[in-house]
Amino acid sequence: MSPASPVSARDHGELVARLDARFRGPLMVFFLRRRFTRAEAEDLTQEVFVRMLGRDDAPESTDVYIFQVAANLLRDRARRRLTRKTEDHASLDAPTELTAHGMENHPALVEDRSPERVLLAQESLAEAMRALGELGERTRHIYVLHRLEKMRHKEIAALLGLSVSAVEKHIIRAVAHLAERCGKP
Amino acid sequence: MTADRQTLEIDRELLQTAAAWRLRIAGDDSEPDPAVSEAFNQWLAARPEHAEAFDRTQAAWDVLDPHAAAPEVIRARRDALDYAKRTGERRWGLDPDRRAMFRIAASVAAVMAIGAVSWPMLDGKDVYRTHHGERRQVTLADGSQVALDSDTRLVVRYTDQARELTLERGQARFDVAHNPFRPFSVTARDRTVVATGTAFNVDIMGPSVHVTLIEGSVIVKPVTQRTVLQAPAAPAARPVALKAGQQLATLAGSPAATIQPVKADDATAWERGKLIFDDVPLAEAAERVNRYADRKVVIPDERAARLNVSGVFRTGDADDFARAMAQYLHLQATFSDDEISLTVPASG
């Protein structure tokens, strides 16, 4: 119970090291997919580890729970934000238990971008459109189909008569070009 | 942090690698592939350049998502869907992927629906508007850029001969694509600003209009004779040519106008979320602050309204502004639910 005692501090250290070795990568990916910046994803990953310390599960069950802890962490953040924004909209409250998979269907809860980032995004629109215009026609359209129309690589490939890897190369080229021209986070 | 960024060497090849990683970790299934995630994380941690390149890629990955319904993005989506549809139809006999075609059809319908709502086209006019506290950047069909400030309404009418815009309210900055054969004009109240390739800011402040030239040259003329804007320099009723760094301010209900030098950066500070006042009447400063604020600053007191103020403020923070004004100008600020009243305190 007392994290101040040397023994449990060492235990905690070992547990974090173990979690880190095993789950840092997957958790980073989990958060990065949800539009967080790398720095935010690192903080959130750390927070998941801290939350795991508070649980006394058997170590084997960690695999099962860790993404749920991650999803709940996002849910709590989103709920805090919603509470701040609209205290009287109880109906917006998240269900009590959301699995990581369930989060996908709750964009309002997953999106946790600060107003500053939204503002930055506003300013970057013109820049992004300019950069997009500099790409070849096919590359540009493929980027738009994938990122905005949310079409899968396979679907785009089938439509345009290209291989999946060719479609992926177009997407990579477009993303790299946009990153070069306007990707300052 | 900035220093770090500058010393890192991020070349195109590295960005391509980062983009390839971003693509590889993409997905919507709940649990990321542990092996891929692990390899990715090792790459990310291997060098600071990798992390920096990835940050930029992550920003580029969904840079357009928040703007999916912006007119220029709608246009790009329509173009892409048209392209896919055309190409798909050509290949229809060869390799019909009905599911993909169905998605295309559904997407086209969706984009059209979004377009109908947020991109009203009436008689070839596009209307762009921003709400309270909203700012927006728009790329027009000819490549000209317009930044709209909060609470602004802009009507764009493009013909083969002319690009005619009307700023009905608010403030906007125009970066005009050069095309001398198709003059670009912005009408605001009783003035028309005519430009060819240039950048300027137009601000409707109460009854007056402020035109600030950032670069290039413009002619500001009274709106009375509605010519089809042939030669901008055509002798009209006292057109005024502005030089870069000059601001023309019309006087309410008068054909006269004043021209004074200003810092273009100050006039367009709103684009960066700032308001910069250099010795302007408190009433005018408050009007600008109110564009972004839910709770308005009101100055019922004539003496207070005429006090001059200077300073830099964040847009959207009327409370802060009112408190600062109360302190520096020794005014009394009274807060109520929907307004903040600044008055000269009773002497004594």
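Residues numbered from 1 in each chain as written. Chains lettered and ligands numbered in written order. Predicted model: local features only at pLDDT ≥ 70, side-chain atom pairs only at ≥ 80, totals over all residues. Heavy atoms only, no water.

J.: What should I look at first to understand the overall build of chain B in this one?
T.: A tally of helices and strands in chain B yields 10 helices and 20 strands. When burial is assessed residue by residue, chain B has 48% of its 348 residues classed as buried. Considering only contacts in chain B between residues 6 or more positions apart, those separated by 24 or more positions represent 52%. On chain B, roughly 17,000 Å² of surface is accessible, and the fraction owed to carbon and sulfur atoms is 52%. (Helix = DSSP H or I, 4+ residues; strand = E, 2+ residues; numbered from the N terminus. Buried < 20%, exposed > 50% of the residue type's maximum accessible area, 1.4 Å probe, protein only. Contact = heavy atoms within 4.5 Å. Areas by Shrake-Rupley, 256 points an atom, 1.4 Å probe, with all protein chains shown as cover.)

J.: Explain the overall build of chain A here, please?
T.: On a plain count of helices and strands, chain A comes out with 9 helices and 0 strands. Helices and strands in chain A line up, N terminus first, as α-α-α-α-α-α-α-α-α. The buried share among the 185 residues of chain A stands at 48%. The long-range share in chain A, meaning contacts at least 24 apart out of those at least 6 apart in sequence, stands at 57%. Here chain A displays about 9,200 Å² of accessible surface, and carbon together with sulfur accounts for 54% of that area.

J.: How should the interface of chain A and chain B be read in this particular structure?
T.: Frequently, the measure chosen for interface size is the accessible area that the parts lose on association. Contacts between the two partners involve 60 residues from chain A and, on the opposite side, 68 residues from chain B. Across the chain A/chain B interface, buried area totals approximately 6,000 Å², and carbon plus sulfur atoms make up 60% of it. Considering only the side of chain A, the residues that lose the most area to chain B are Arg33, Arg38 and Leu159 of chain A, jointly responsible for 12% of the buried surface there. On the surface where chain A and chain B come into contact, there are 6 salt bridges. Along the contact surface separating chain A from chain B lie 16 residue pairs in polar contact (both at pLDDT 80 or more). Those elements that place two or more of their residues in the side of chain A that touches chain B are α1 (6–32), α4 (100–103), α6 (115–133), α7 (137–147), α8 (153–160) and α9 (164–182) of chain A. The element contributing the most residues to the side of chain A that touches chain B is α6 of chain A, with 11 residues. Counted by class, the side of chain A that touches chain B contains 31 nonpolar, 10 polar and 19 charged residues. (Buried area = accessible area lost by both parts, 1.4 Å probe. Salt bridge = Lys/Arg side-chain N within 4 Å of Asp/Glu carboxyl O. Polar contact = N/O pair within 3.5 Å; in protein donor to acceptor, adjacent residues only side chain to side chain. Nonpolar A, V, L, I, M, F, W, Y, C, P; charged D, E, K, R; others polar.)

J.: In this structure, what is going on with the packing of aromatic side chains? I would like to understand it.
T.: For any pair of aromatic rings, geometry is given as the distance between the ring centres together with the angle between the planes. Throughout the structure, instances matching the rule amount to 11 aromatic pairs over all chains. When the ring of Phe313 of chain B is compared with that of Phe321 of chain B, the centres are 5.0 Å apart and the planes differ by 75°; the resulting orientation is edge-to-face. Accessibility expressed as a relative area gives 13% for Phe313 of chain B, which makes it buried. The buried category is assigned to Phe321 of chain B, whose relative accessible area is 0%. Three or more aromatic residues joined by ring pairs make a cluster, and in this case those are Phe30, Phe31, Phe36 and Phe67 of chain A. (Phe/Tyr/Trp six-rings, centres within 6.5 Å; stacked < 30°, edge-to-face > 60°.)

J.: What am I meant to see in α9 of chain A here?
T.: Residues spaced three or four apart along an α-helix point in a common direction, a consequence of the helix completing one turn every 3.6 residues. Its 19 residues give α9 of chain A an end-to-end C-alpha distance of 27 Å, which sits within 8% of 27 Å, the value for a rise of 1.5 Å per residue. Residues of α9 of chain A that are buried: Val167, His170, Ile171, Ile172, Ala174, Val175, Ala176, His177, Leu178, Ala179 and Cys182 of chain A. (Expected span 1.5 Å × (residues − 1).)

J.: Even after reading the chapter, I still don't get unusual backbone geometry, so can you show me in this structure?
T.: What is expected of a backbone is that most residues other than glycine have negative phi and most peptide bonds are trans. All names here are of chain B. With a phi close to 50°, Arg189 is a non-glycine residue in the positive phi region. Relative to the assigned elements, Arg189 resides in the loop between β8 (184–188) and β9 (191–195). With relative accessibility at 45%, the residue Arg189 sits in the partly exposed group. Positive phi, close to 55°, is recorded for His330, a residue that is not glycine.

J.: In this structure, what is going on with the sheet that holds strand β15 (residues 257–261) of chain B? I would like to understand it.
T.: Strands in a sheet are paired, the pairing made by backbone hydrogen bonds, and the direction either parallel or antiparallel. Residues and elements named next belong to chain B. Spatially, the 7 strands line up as an open sheet ordered β3-β4-β7-β10-β11-β14-β15, and their pairing is antiparallel. If you trace the sheet from one side to the other, it starts and ends with β3 (136–139) and β15, each paired once. Averaged over all neighbouring strand pairs, the angle between strand axes comes to 15°, with direction disregarded. Looking at chain direction, strand β7 (residues 171–175) and strand β10 (residues 199–205) are connected through 5 bridges and run antiparallel. Residue pairing across strands places Ala172 opposite Val202, the latter belonging to β10. This element, helix α8 (residues 282–290), spans β7, β10 and β11 (208–215) of the sheet and lies at about 105° to β10. (Pairing = 2+ DSSP bridges. Axes fitted to C-alpha atoms, helices over the stretch in contact; angles between N-to-C directions.)

J.: Could you clarify how one ought to interpret the packing of helix α2 (residues 12–25) of chain B against helix α3 (residues 34–46) of chain B in this entry?
T.: Packed helices, taken two at a time, are described by the angle their axes make and the gap between the axes. All names here are of chain B. Axis separation between α2 and α3 bottoms out at 10 Å; the angle between their running directions is 155°. The angle between the axes of α2 and α3 places the two elements in the roughly antiparallel class. Between α2 and α3 the crossing geometry is left-handed. Of the residues in α3, those touching α2 at Leu14, Thr17, Ala18, Trp21, Arg24 and Ile25 are Val36, Ala39, Phe40 and Trp43. Among the residues making up the contact of α2 with α3, the classes are represented as 8 nonpolar, 1 polar and 1 charged. (Parallel < 35°, antiparallel > 145°, perpendicular 65-115°, else oblique. Left-handed = near helix turned anticlockwise from the far one by under 90°.)

J.: Would you mind showing me how to read α2 of chain B here?
T.: Residue and element names in this part refer to chain B. In this model α2 runs 20 Å from its N-terminal to its C-terminal C-alpha over 14 residues, within 8% of the 20 Å that 1.5 Å per residue would give. If you check which residues of α2 are buried, you get Leu14, Leu15, Ala18, Ala19, Trp21, Arg22, Leu23 and Ile25. Looking one or two residues beyond α2, the residue adopting positive phi is Gly27, at roughly 150°.

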